[in-house]
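Coordinate inspection notes
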Amino acid sequence: MRGEQQKISEDSSLRNDRSATESYSGVPTLVRITENNFTGKTEEKGTLLEKILDPMNLNLAYKRVKKNKGKGGIDKMEVESLYDYFVEHKEYLLRSILNGKYRPNPVRRVYIPKENGQQRSLGIPTVVDRVIQQAIHQVISPLYEEDFHENSYGFRPNRNAHQALKHCMSKAEQGYKYVVDIDLEKFFDTVNHSKLIEVLSRKVKDGRVLSLIHKYLNAGVVESGLFQRTAEGVPQGGPLSPLLSNILLNELDQELSHRGHEFARYADDLIIMCRSKRSADRVLKSITNFIEKTLYLRVNKEKTQVGHIKEVKFLGYGFYMNQEKCRARVHPKSVREMKNRLRALTSRSNGWSNELRKLKLKLFIQGWVNYFKLADMKKLLKGIDEWLRRRIRMVIWKQWKRVRTRIRNLTKLGIGKDKAYQFGNTRKGYWRIANSPILSQTITNKRLKSSGYTFLLDYYLSVKA
């Protein structure tokens, strides 16, 4: 087994999932490697596999993987080693793919935490397999773009979550105020391989490409050094996974459209919009039957719900109606998740310098606000900023560890000596002290901002201007 895995690693180091611009400064390209040394193409021209292995397509895939970096797979090869690998193994690699003898490596399974306390599994392919997957993606994605439904917004060029949210809000204003919120249970882990290949075969007529994709689906995973076969599922983490999920779920999109339903889908997040609760209940029953009996996916009965639009959560947002206008808000679960992240970034015990903390806070706040900028949240952000400033003051007070340091700094910031001595000797807890008038008069909001701290409301108002 170990010897077999070693051989697989040598044969298949082309994997990583990435997207970059067409030029990447400082990265050697594969074009001249391929053009000068790659002579293993078959005489058959214009077929799909040859397009995938075309020098320009492989070069773009390589640059995208290189640009996006990322961790290595089970062979521990990093993206920095890709160029040297191709120089040495390019001929054997392409020949093995063309001959159908290429065997992808298993993916390395890792886990990331979810907001509900559970964990989401990711499968990290080797960097060589990421390049091959990216090359496949670049060729077959355009074949399907023309077929994908206009209400599908996830993992597609020039489409994003904000468009999906605006679509839902627009339909709610037209009277579609009742929502079927479908939860597909562990979607990426339960995709039926046979069904997916059957759907793929309608468009992909090159059997060698279908076989290669099937090999990736069946490559297996390695967790804690142990190999596990994958009889179902599309591991998240590779370039092909989002595209394959869209290809399969497009079957659901087309069925919904054929039935005349209004809906929006972003990856496996789907809501169907109806004019009444009665019709929503009816839609839930019929579409659940289609999902489970035709697509062989599972609907999570506990999390799937029917309700008024103000009761649902979609892509982290909630909604409310204001004089027949549908408005967006940040869902309470998203607020809790955001505060937990801010709490971690302002921990008193992470050992960060103030400059590093400022940078991490800035990056998180800008990313979070840019995503949730559709929401009405001025009042919300004002309250969170007050809480955040209190946490920052708590960190600063802890950094002034000694009594004499506290007295000296309070004096410098304008507090009288007697008051500074009294406050510097206090035994009250950090969190309580952080809310005291003394610190709010010395470590003022203006001083925090001028020192480089970024706050949510300020940035929100700047992007909304």
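Let me sum up the structure you'll find in this document. (Residues numbered from 1 in each chain as written. Predicted model: local features only at pLDDT ≥ 70, side-chain atom pairs only at ≥ 80, totals over all residues. Heavy atoms only, no water.)

Below, the discussion takes up helix H13 (residues 332-345). Here H13 spans 20 Å end to end across 14 residues, near enough to the 20 Å set by a 1.5 Å rise per residue. Along H13, the residues that are buried comprise Ser-334, Val-335, Met-338, Leu-342 and Leu-345. Buried residues of H13 fall within an arc of 100 degrees about the axis and therefore sit on the same side. (Helix = DSSP H or I, 4+ residues; strand = E, 2+ residues; numbered from the N terminus. Expected span 1.5 Å × (residues − 1). Buried < 20%, exposed > 50% of the residue type's maximum accessible area, 1.4 Å probe, protein only. Arc of directions from axis to C-beta.)

Strands sit in the order S6-S7-S3-S8 across an open sheet of four strands; the sheet is antiparallel. Edge strands, defined here as strands with exactly one partner in the open sheet, are strand S6 (262-266) and strand S8 (305-308). Within the sheet, the average angular offset between the axes of one strand and its neighbour, ignoring direction, is 20 degrees. Both strand S3 (residues 178-183) and S8 contribute to a ladder of four bridges, which runs antiparallel. What sits directly across from Tyr-178, in S8, is His-308. Each of S6 and strand S7 (269-274) touches helix H7 (residues 161-173); the most contacted strand, S6, lies at about 165 degrees to it. Across the sheet, helix H11 (residues 240-258) lies against S6 and S7, angled at about 170 degrees from S6, the strand it touches most. (Pairing = 2+ DSSP bridges. Axes fitted to C-alpha atoms, helices over the stretch in contact; angles between N-to-C directions. Contact = heavy atoms within 4.5 Å.)

This part covers the pattern of salt bridges. Once their charged atoms are close, side chains differing in charge can pair, the charge on each being opposite to the other. Across all of its chains, the model carries 18 salt bridges by this definition. A network of salt bridges, in which partner residues are shared, links Lys-195, Glu-198, Arg-202 and Glu-251. (Salt bridge = Lys/Arg side-chain N within 4 Å of Asp/Glu carboxyl O.)

With that out of the way, let us pick up helix H14 (residues 354-372). With 19 residues, H14 should reach 27 Å at 1.5 Å per residue; the first-to-last C-alpha distance of 27 Å fits that figure. All of the buried residues along H14 are Arg-357, Lys-358, Leu-361, Phe-364, Ile-365, Trp-368, Val-369 and Phe-372. One face of H14 carries all of its buried residues, which in axial projection span an arc of 140 degrees. Residues of H14 that are exposed and point more than 90 degrees away from the buried face comprise Glu-355 and Leu-363. Summarising the contacts, the buried residues of H14 are in contact with strand S9 (317-322), strand S10 (325-330), H13, helix H15 (378-399) and helix H21 (456-464).

Pairing is mixed across the open sheet formed by four strands, whose spatial order is S2-S1-S4-S5. Among the strands making up the open sheet, the edge pair consists of strand S2 (119-124) and strand S5 (226-228). Between one strand axis and the next, the sheet turns through 40 degrees on average, direction left out of account. Relative to S2, strand S1 (residues 107-113) runs antiparallel, the two sharing six bridges. Considered in S2, the bridge of Ile-112 is made with Arg-120.

Here we come to the packing of aromatic side chains. Tallying each qualifying case throughout the model produces 11 aromatic pairs. Here the aromatic rings of Tyr-85 and Phe-86 are separated by 6.0 Å at their centres, their planes lie at 75 degrees, and the arrangement is edge-to-face. The class of Tyr-85 is buried, set by a relative accessible area of 6%. An angle of 40 degrees between the planes, with centres 6.2 Å apart, marks the rings of Phe-155 and Tyr-266 as tilted. Pair noted here: Phe-155 is in the loop between helix H6 (127-145) and H7 and Tyr-266 is in strand S6, with a separation of 111 residues, a long-range link. Grouping aromatic residues by their ring pairs yields a cluster made of Tyr-317, Trp-368, Tyr-371 and Phe-372. (Phe/Tyr/Trp six-rings, centres within 6.5 Å; stacked < 30°, edge-to-face > 60°.)

With respect to the secondary-structure elements, Asn-300 resides in the loop between helix H12 (277-293) and S8. On the basis of relative accessibility, which here comes to 15%, the residue Asn-300 falls in the buried class. A polar side-chain atom of Asn-300 sits 3.2 Å from the main-chain amide nitrogen of Lys-303. (Polar contact = N/O pair within 3.5 Å; in protein donor to acceptor, adjacent residues only side chain to side chain.)

In this section: unusual backbone geometry. In this structure, Lys-186 is a non-glycine residue whose phi angle is positive, near 45 degrees. Inspection of the secondary structure puts Lys-186 in the loop between S3 and helix H8 (187-190). Although it is not a glycine, Tyr-296 adopts a positive phi angle of roughly 60 degrees. Following the sequence through the fold, Tyr-296 ends up in the loop between H12 and S8.

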